[in-house]
Amino acid sequence: MKKMNWTRFSLLMVMLFAAGSLRAQTIDSLLSKLETAYPQEKLYLHYDKNAYNPGETIFFKCYLMASNVLSNISKNVYAELIDSKGKVLDRRITPVIMAGSASALDIPADYADSVVYVRAYTQWMLNFDESFLYTRAIGVITRNTASKKPASPVYTLGFFSEGGDLVEGIESNMAFKAYDQRGLPFNVEGQVQDAKGAKVVDFKSIHDGMGSFRLLSPVSGLVAVWKDPAGKPQKTKLPETTRNNVSLEVAPSAAGLLFAVRRRADASDNLQSLTLVAQQQQQILYQAKLNLAKTEGVKATIPGEDLPTGIVQLTVFDNQNKPLAERIVFVNHQDYYFITDLNTPVKSTDKRGKNVIQVDVPDTIICNLSLSVTDAGLNPPQTVEDDIYSNIFLTSDLRGYIHNPAWYFSSEADSVTKALDLVMLTNGWRRFKWEDVLAQRWPKITYRPDNYITILGNISGLNRSELNQKEVTAIMETKSQGQDVFTFPVGQDGKFELSGMLFYDTARLYYQFNNDKSKLLTTKAIFDMKPGFLLKPTPFKADSSLAFHLPRFPGDIIAKNNSIALKNLESIDEKNKVKTLEGVTVVARTKSKKETMDAEYTSGLFRGGDGYTFVLDDDPLARGALTVLQYLQGKVAGLQISGAGAQMSMSWRGGTPLLYYNEMPSDISMIQGMNMNDIAMIKVFRPPFMGGSGGAGGAIAVYAKKGTANKPDNVQGLNAYKIAGYQAVKQFFSPDYEKYDEANTQPDLRTTLYWNPAIYTDKNNRRIFFTFYNNDVAKKIRVIIEGLNAEGKLTRTEKIY
């Protein structure tokens with residue numbers, strides 16, 4: 001090809017797209033619709049530590065963002081603990097306060113796998129690509145953790161032409177990334193050769209298996225020759241070239257983003273009038289028209305002051321709005337964070353020594369923070385860690401594994417900046433596809449943003465004229481907040497919605513139509529109310545590659561953690577121990593939880609039997625159900641349940657199941673009025689049930705927890721409705737060794753010494769002190785504080801002393 005004819009940007013009609021092109025205005029308007037109607041949220045979780053033992057609690061704090069600012073879209077976060085087979089072990093729904101929410105998930109004491117998954121999301125996030133839901137593999141340090149054999153290594157070297165296609169004959173930048181079957185990087189060097197075996201260029205990785213090199217005149221058939229970490233020679237083909245496309249190169253600089261777009265001299269007409277668009281988080285930042293009718297390339301600089309910190313996507317379109325080339329770049333003005341000072345006016349690594357941490361924030365803006373303090377010997381820093389900076393600005397927006405993402409935000413050095421650009425060159429960005437946007441294929445909205453506790457209601461039994469302009473007066477009664485009186489309207493279709501409620505445990509909603517003193521209209525009406533919570537989790541398939549990136553602990557740390565795990569497992573081992581009687585070895589079979597409950601609660605024909613047993617404390621989904629029959633829907637094959645509230649109906653093999661409360665005959669009104677928190681067990685007997693008259697349709701027996709005030713509420717006439725609130729957040733226990741407590745005589749092997757997920761500061765409260773005590777063995781203490789402020793800036797400080 002002839003030498004490229006470059007002309008200055010100002011003379012080439014590479015201009016801001018303020019007017020003159022309906023085509024670019026269409027791109028602008030479509031992207032604006034995507035941002036306003038379909039904004040996307042992202043979640044980051046701060047944990048109290050990196051890995052856990054069976055039987056321990058995972059404490060965490062969620063931070064919710066949208067467009068790299070605080071999210072005002074969703075008011076609830078769903079967090080789930082899931083095993084490798086997709087079974088939900090625990091589940092929590094927590095309210096969002098100032099873009100943050102805190103909760104805890106419990107690992108079963110008999111959990112035997114070495115990995116468990118935490119998935120967190122909002123209902124709104126389920127409308128989009130599920131690969132962007134927050135998911136993390138958590139290491140569980142079991143007794144066989146150290147004995148697992150590593151898989152046979154598989155080494156891969158991938159090549160990525162900057163901008164997308166490699167255009168024949170046009171000088172291009174080629175990036176590469178070397179990684180094994182776990183996604184972990186390795187250093188590599190080698191040589192690119194042509195089809196005849198002649199050297200084209202040498203290459204060598206500069207950070208975590210990544211690097212780049214220039215191809216002066218690309219052609220098809222190039223091969224990279226290199227050696228894997230075992231010294232075995234390898235060959236990898238480079239991408240094939242194309243003739244009818246453009247190349248896009250971008251060079252980040254202090255002034256902004258210098259981009260260059262080039263085409264071949266014999267390129268088709270559709271490559272002579274192009275449009276370049278730069279966007280971030282679905283918000284357009286820059287547009288330019290590129291006139292290549294009389295030149296083969298253009299250069300220009302997007303001013304840096306117009307670009308916010310974060311990943312910026314640059315895309316080149318042809319004259320038919322077809323995307324041709326794409327490049328993502330990280331813009332970093334170092335303006336995304338604020339400094340939180342950590343000091344220790346009192347510190348001691350003595351056995352059970354007293355420590356005081358001082359936290360200072362720099363200004364008067366309201367801040368939302370979380371603090372974790374751990375034994376650094378048991379919870380050391382890991383090279384695979386993600387933190388609030390790297391998650392919000394990097395890993396939550398990129399597909400694929402990023403090794404040690406926090407490192408890219410650890411320094412402002414040029415070497416770090418260059419390495420981060422290699423990450424941009426070797427990873428994909430796909431929050432949306434331009435092809436879908438241009439074709440106006442919008443995401444299907446199945447889930448609305450939720451507004452704390454929401455009740456979706458419907459009134460039947462009345463005609464439209466009776467419902468015309470009707471209002472209902474309600475009294476909300478909670479255990480902690482007393483009573484609240486309010487009025488809500490009802491549509492002519494009978495529908496109503498109550499939202500924005502925030503309370504824990506349960507509440508009673510008393511209701512009556514306005515001006516219905518005789519209650520004739522209220523009694524005639526049938527009120528059906530359903531919770532707005534997402535009661536059942538969406539299916540989960542474990543990504544086994546996430547488990548490859550778990551923290552790697554030395555053997556001594558595993559041994560120390562295993563000693564803690566053994567204490568948690570002592571009770572289980574005790575139940576399974578071998579007993580000896582007169583020289584005969586007898587193995588005691590451990591009763592299951594269901595068998596134990598059955599022996600404790602049931603009698604006569606209710607004991608054992610052919611059917612189903614549900615122990616509600618062991619089922620995290622039971623917490624989201626409001627009534628017994630709602631909980632049973634879909635759980636028992638053949639049992640048909642329809643309707644709502646006291647109007648629910650049941651059928652099984654042509655008959656109606658009998659209902660029992662503590663083995664006494666009952667009815668729907670009584671059973672549906674029970675507080676789910678007061679129920680210990682539900683047994684469902686297949687037809688026929690021989691324990692009572694008329695058992696041809698089977699039976700359902702509900703058992704209340706012993707020692708509780710568990711008489712069911714009378715909701716006859718539906719003048720009151722029970723609403724399930726949030727489950728109380730489990731409190732982290734921190735001992736006070738300055739006070740006498742008999743429990744303090746036990747060994748203290750805690751890994752997490754202190755955890756506080758609810759630290760709020762403002763102009764009157766900028767300095768806060770926290771006191772905790774060391775365990776029996778820690779010689780180094782690790783302190784991490786993370787969070788955000790009302791302006792959306794982030795913070796993270798870590799110290800080990």
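No experiment lies behind these values; they were computed from the predicted model shown. (Residues numbered from 1 in each chain as written. Predicted model: local features only at pLDDT ≥ 70, side-chain atom pairs only at ≥ 80, totals over all residues. Heavy atoms only, no water.)

**Concerning the sheet that holds strand S24 (residues 297-303)**
This is how it is decided: We treat two strands as partners when DSSP finds at least two bridges between them. Secondary structure elements follow DSSP: runs of H or I of four or more residues count as helices, runs of E of two or more count as strands, with numbering from the N terminus. Axis definition: a line fit to C-alpha positions, over the contact stretch in the case of helices; interaxial angles, taken between N-to-C directions, run 0 to 180 degrees.
If you walk across this open sheet you meet the 3 strands as S20-S21-S24, and the pairing is antiparallel. Sheet topology places strand S20 (246-252) and S24 at the edges, where each strand pairs with a single neighbour. Neighbour-to-neighbour, the strand axes of this sheet turn through a mean angle of 15°, independent of strand direction. Here S20 pairs with strand S21 (residues 256-263) via 7 bridges, running antiparallel. In the sheet register, Val246 faces S21, and the bridge partner there is Arg263.

**Quick word on the packing of aromatic side chains**
This is how it is decided: Pairing of aromatic side chains requires ring centres within 6.5 Å, counting the rings of Phe and Tyr and the six-membered ring of Trp. Pairs whose planes differ by under 30 degrees are stacked, by over 60 edge-to-face, and all others tilted.
Under the definition given, this model contains 35 aromatic pairs. Measuring from ring centre to ring centre gives 5.2 Å for Tyr155 and Phe186, while their planes differ by 80°; the resulting arrangement is edge-to-face. Taken together, the residues span a long stretch of sequence, with Tyr155 in strand S11 (residues 155-161) and Phe186 in the loop between strand S13 (172-180) and strand S14 (189-193) at a distance of 31 residues. An aromatic cluster is defined as three or more aromatic residues linked by ring pairs; in this entry it consists of Phe330, Tyr336, Tyr337, Tyr389, Phe393 and Phe409.

**Brief notes about the environment of Leu535**
Our working definition: The buried label applies to any residue whose accessible area, calculated with a 1.4 Å probe on protein chains only, is under 20% of its type's maximum; exposed applies above 50%, and partly exposed to all values in between. Throughout, a contact is declared for two residues whenever any of their heavy atoms are within 4.5 Å.
Relative to the helices and strands, Leu535 is located in the loop between strand S35 (526-531) and helix H7 (544-547). With relative accessibility at 23%, the residue Leu535 sits in the partly exposed group. The spacing of Leu535 and Ala625 is 90 residues in sequence and 7.0 Å in space, taken between C-alpha atoms. Among all residues touching Leu535, those that are not within four sequence positions of it are Arg91, Leu621, Gly624 and Gln630.

**Quick notes on unusual backbone geometry**
The backbone of Asn321 sits at a positive phi, close to 65°, despite the residue not being glycine. Among the secondary structure elements, Asn321 is positioned in the loop between strand S25 (310-317) and strand S26 (323-331). Look at Asp505: it is not a glycine, yet its phi comes out positive at around 65°. Structurally, the position occupied by Asp505 is in the loop between strand S33 (495-501) and strand S34 (506-513). Assessed through its relative accessible area of 28%, Asp505 is described here as partly exposed.

**Let's talk about the sheet that holds strand S43 (residues 679-685)**
The strands that make up a sheet pair up through hydrogen bonds in the backbone, lying either parallel or antiparallel. Pairing is mixed across the open sheet formed by 5 strands, whose spatial order is S38-S43-S44-S41-S42. The strands lining the two open edges of the sheet, one partner per strand, are strand S38 (611-615) and strand S42 (664-665). Note: S38 against S43, 5 bridges, orientation antiparallel. Across the sheet, Thr613 pairs through a bridge with Lys683, a residue of S43. Across the sheet, helix H9 (residues 593-601) is in contact with S38, S43 and strand S44 (699-704); its angle to S43 comes to roughly 95°.

**Section: helix H3 (residues 414-426)**
The line we're drawing: Given the number of residues in a helix, its expected span is that number minus one, multiplied by 1.5 Å.
Helix length check: H3, at 13 residues, gives a terminal C-alpha distance of 19 Å against a target of 18 Å (1.5 Å per residue), a fit within 8%. Among all positions of H3, only Val416, Ala419, Leu420, Asp421, Leu422, Val423, Met424, Leu425 and Thr426 are buried.

**Observations regarding the pattern of salt bridges**
To keep things clear, this is the line we draw: What makes a salt bridge here is a side-chain nitrogen of Lys or Arg within 4 Å of a carboxyl oxygen of Asp or Glu, nothing more.
All chains considered together, the criterion is met by 32 salt bridges. A salt bridge links Glu80 to Arg119; the shortest N-O distance between them is 2.8 Å. In this pair, Glu80 is assigned in strand S6 (residues 76-82) and Arg119 in strand S9 (residues 115-121), connecting sequence segments 39 residues apart. Glu80 sits in the buried class, given a relative accessible area of 0%. What makes Arg119 buried here is its relative accessible area of 3%. Salt bridges sharing partners connect three or more residues here, namely Asp387, Arg782, Glu786, Arg796 and Glu798.

**Details of the confidence of the model for the chain**
Definition in use: The pLDDT value expresses, per residue, how confident the predictor is, ranging between 0 and 100.
Here the chain shows a mean pLDDT of 85. Residues at 70 or above account for 87%. Confidence drops under a pLDDT of 50 for residues 1-24, and excluding neighbours within four residues, the segment shows 59 contacts in the predicted structure. With pLDDT under 50 throughout, residues 568-588 is counted as low confidence; its partners more than four residues away or in other chains account for 20 contacts.

**A closer look at the pairing of strand S7 (residues 88-95)**
Buried residues dominate S7, accounting for 7 of its 8 residues. Bridge analysis of S6 against S7 gives 7 bridges, and the strand direction is antiparallel. By the bridge assignment, Val77 is partnered in S7 with Thr94. Where S6 hands over to S7, the hairpin turn is made up of 5 residues, of which Gly86 adopts a positive phi near 90°.

**Quick notes on H9**
Selection rule: As used here, the arc belongs to the directions running from the helix axis to the C-beta atoms.
Considered for burial, the residues of H9 that qualify are Met597, Asp598 and Tyr601. Relative to the axis of H9, the buried residues are bounded by an arc of 100° and lie together on one face. On its buried face, H9 sits against S38, S43 and S44.

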